Amino acid sequence: MKMNDNQRRFLNEFHDLLRKYSVDEMFISYHSGDKRDYRITLSSNKQRLEFAGYSDNCFTEVGTYDGNYKVGDQDE
């Protein structure tokens, strides 16, 4: 199946964003045999940011933050 214009634009913008933040590796994996245990991992400057998903403006089970991260949360 061929990509549509929106998909191509998304991938191009996503690529630019990854470059902007020096993300040199991204992968999806799971830690056990349970497919509900998937993680998305981004690697930049030998540091990793890991999360299980994104829904309703919230990143879930963030590996470098305690619990979930709702977009717009500020460091306290």
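From a predicted model like this one, the values you see are computed outputs, not experimental measurements. (Residues numbered from 1 in each chain as written. Predicted model: local features only at pLDDT ≥ 70, side-chain atom pairs only at ≥ 80, totals over all residues. Heavy atoms only, no water.)

1. Looking at the environment of Met26
Locating Met26 in the fold gives a position in strand E1 (residues 23-30). Met26 sits in the partly exposed class, given a relative accessible area of 40%. Met26 sits 24 residues away from Glu50 along the chain, and the two C-alpha atoms are 9.6 Å apart. (Helix = DSSP H or I, 4+ residues; strand = E, 2+ residues; numbered from the N terminus. Buried < 20%, exposed > 50% of the residue type's maximum accessible area, 1.4 Å probe, protein only.)

2. Focus on helix H1 (residues 5-20)
The end-to-end C-alpha distance of H1, which contains 16 residues, comes to 22 Å, matching closely the 22 Å that a straight helix rising 1.5 Å per residue would cover. You can read the cap of H1 off the contacts: a side-chain oxygen lies 3.0 Å from the backbone nitrogen of Asn6, and it is on Asn4. One or two positions beyond H1, positive phi appears at Ser22, with a value near 55 degrees. (Expected span 1.5 Å × (residues − 1). Polar contact = N/O pair within 3.5 Å; in protein donor to acceptor, adjacent residues only side chain to side chain.)

3. Brief notes about the environment of Val23
The topology assignment puts Val23 in strand E1. Val23 has contacts with Leu18, Leu42, Ser43 and Ser44, leaving out every residue within four places of it along the chain. (Contact = heavy atoms within 4.5 Å.)

4. Side note on unusual backbone geometry
Residues other than glycine seldom take positive phi values, yet Ser22 does so here, at roughly 55 degrees. Along the chain, Ser22 turns up in the loop between H1 and E1. You can call Ser22 partly exposed: its relative accessible area is 38%. Here the phi dihedral of Asn45 falls at roughly 50 degrees; this positive angle occurs in a residue that is not glycine. Counting through the fold element by element, Asn45 comes out in the loop between strand E2 (38-44) and strand E3 (47-51). Residue Asn45 is classed as exposed on the basis of its relative accessible area of 58%.

5. Section: the pattern of salt bridges
Under the counting rule described, the total for this entry stands at four salt bridges. The partner of Asp5 in a salt bridge is Arg8, and the shortest N-O contact between them spans 2.7 Å. Of this pair, Asp5 and Arg8 both sit in helix H1, separated by three residues, roughly a single helical turn. What makes Arg8 partly exposed here is its relative accessible area of 33%. Of the charged contacts in the structure, one is a salt bridge between Glu25 and Arg48, with a shortest N-O distance of 3.6 Å. Of this pair, Glu25 sits in strand E1 while Arg48 sits in strand E3, and the two are 23 residues apart along the sequence. Salt bridges sharing partners connect three or more residues here, namely Arg39, Glu50 and Glu61. (Salt bridge = Lys/Arg side-chain N within 4 Å of Asp/Glu carboxyl O.)

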